[in-house]
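# Per-entry structural report
Here are the chains, one letter per residue:
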Amino acid sequence: MKARVAVLVHDVSSAQRLIDMAKLVYGLGFTHLVATKVYGAAASSGVPEVTRLALRLGRSFSVLPSVKDAIELLSPDKVVVVSREYGEPTDPWRYAEKLAGQQSVLIIFGGIDAAPGKDVVGLGEPVYPVGAETRLTPVAEAALLLYPLSRILSQETS
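Anyway, here's the lowdown on the structure attached to this text. As the structure is a computational prediction, the values presented were derived from the model and not from experiment.

Glancing now at the packing of helix 1 (residues 15–27) against helix 2 (residues 41–57). The geometry of helix 1 relative to helix 2 is characterised by a closest axis approach of 8 Å and an angle of 20° between their N-to-C directions. Taken together, the axes of helix 1 and helix 2 lie roughly parallel to each other. Crossing angle aside, the handedness with which helix 1 passes helix 2 is right-handed. Together, Ala15, Leu18, Ile19, Ala22, Lys23 and Tyr26 of helix 1 and Ala41, Ala42, Ser45, Gly46, Val47, Glu49, Val50, Leu53, Ala54 and Leu57 of helix 2 make up the contact between the two elements. Broken down by class, the residue content of the contact of helix 1 with helix 2 amounts to twelve nonpolar, two polar and two charged.

Right under this line is the structure:
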């Protein structure tokens, strides 16, 4: 059931951040990772490393030019954008229960310390983990929001 959730990291220049996001996503059992607006070290060394990891684990990794391209190609029923600046404070466990009822979900995380801009936020429902006093790193945000979803989806298949 985790195949119906795709995770997207947008605007990423750090190879290590891209690799860490892939390890988190795949480690929690999700099968689809998409990266958009990839440049710098993330493009030159992060993409090949994540591609190797995805192939080794039998998972999917795609690099696309824009978030709009990902939405067009994946056609998710629900698009979620994680943004402290624009997002509604959300309890990760309650939100995961809500997302588990969707047929397909695309969850977008920023790849740099600045959160996704208004152009990306306008493409989905903006949320942010409640209780964070400042913006967390993208990998920390992903861990807080994806872990409960992973657990709930795992219980569905048990």
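Moving on, there is more to tell.
This paragraph deals with the nonpolar core. Ranked by size, the top nonpolar core spans 40 residues in total, and within it Leu18, Tyr26, Leu33, Phe61, Ile107, Phe109 and Leu146 carry the most contacts. Sort the elements by how many residues they give to this core and helix 1 lands first, with seven residues. Not counting residues within four places of it along the chain, the set of residues in contact with Phe61 comprises Leu18, Tyr26, Leu33, Ala35, Val47, Val50, Thr51 and Ala54. Counting twelve residues, the second largest nonpolar core, distinct from the first, contains Ala6, Leu8, Val34 and Val67.

On to the sheet that holds strand 7 (residues 125–129). With parallel pairing, the seven strands of this open sheet are ordered in space as 3-2-1-6-4-7-5. Edge positions in the sheet fall to strand 3 (60–64) and strand 5 (88–90), since each has one partner strand and no second. Put simply, the sheet's adjacent strands are angled 30° from each other on average, direction ignored. Sheet topology note: the strand 4 (residues 78–82)/strand 7 ladder contains three bridges and is parallel. Within strand 7, the position partnered with Val80 by the bridge is Glu125. Each of strand 1 (5–12), strand 2 (32–38), strand 3 and strand 6 (105–110) touches helix 1; the most contacted strand, strand 2, lies at about 160° to it. Strands in contact with helix 2 are strand 1, strand 2 and strand 3; relative to strand 3, the strand with the most contacts, it is inclined by about 155°.

Once that is clear, we can look at the pairing of strand 1. The element strand 1 is extensively covered by neighbouring structure, given that eight of its eight residues are classed as buried. In this structure, strand 1 lies alongside strand 6, joined through six bridges in parallel fashion. Directly across from Val5, in strand 6, lies its bridge partner Val105. Read from strand 1 through helix 1 to strand 2, the crossover connection turns out right-handed.

Residue placement: Asp11 occurs in strand 1. Setting aside residues no more than four positions away along its own chain, Asp11 makes contact with Thr36, Lys37, Tyr39, Gly111 and Ile112.

Next up on the list: helix 1. With 13 residues, helix 1 extends 18 Å from end C-alpha to end C-alpha; this agrees with the ideal 18 Å at 1.5 Å per step. What helix 1 keeps buried is the set Ala15, Arg17, Leu18, Ile19, Met21, Ala22, Leu24, Val25 and Tyr26. At the N-terminal end of helix 1, a side-chain oxygen is found 3.4 Å from the backbone nitrogen of Gln16, two or three residues along, and the residue is Ser14. Positive backbone phi, at 95°, marks Gly29, one or two positions downstream of helix 1.

Reading the values: the criteria
- Residues numbered from 1 in each chain as written.
- Predicted model: local features only at pLDDT ≥ 70, side-chain atom pairs only at ≥ 80, totals over all residues.
- Heavy atoms only, no water.
- Axes fitted to C-alpha atoms, helices over the stretch in contact; angles between N-to-C directions.
- Helix = DSSP H or I, 4+ residues; strand = E, 2+ residues; numbered from the N terminus.
- Parallel < 35°, antiparallel > 145°, perpendicular 65-115°, else oblique.
- Left-handed = near helix turned anticlockwise from the far one by under 90°.
- Contact = heavy atoms within 4.5 Å.
- Nonpolar A, V, L, I, M, F, W, Y, C, P; charged D, E, K, R; others polar.
- Core = buried A, V, L, I, M, F, W, Y, C linked by side-chain atoms within 4.5 Å.
- Buried < 20%, exposed > 50% of the residue type's maximum accessible area, 1.4 Å probe, protein only.
- Pairing = 2+ DSSP bridges.
- Right-handed = clockwise from strand over helix to strand, strands pointing away.
- Expected span 1.5 Å × (residues − 1).
- Polar contact = N/O pair within 3.5 Å; in protein donor to acceptor, adjacent residues only side chain to side chain.

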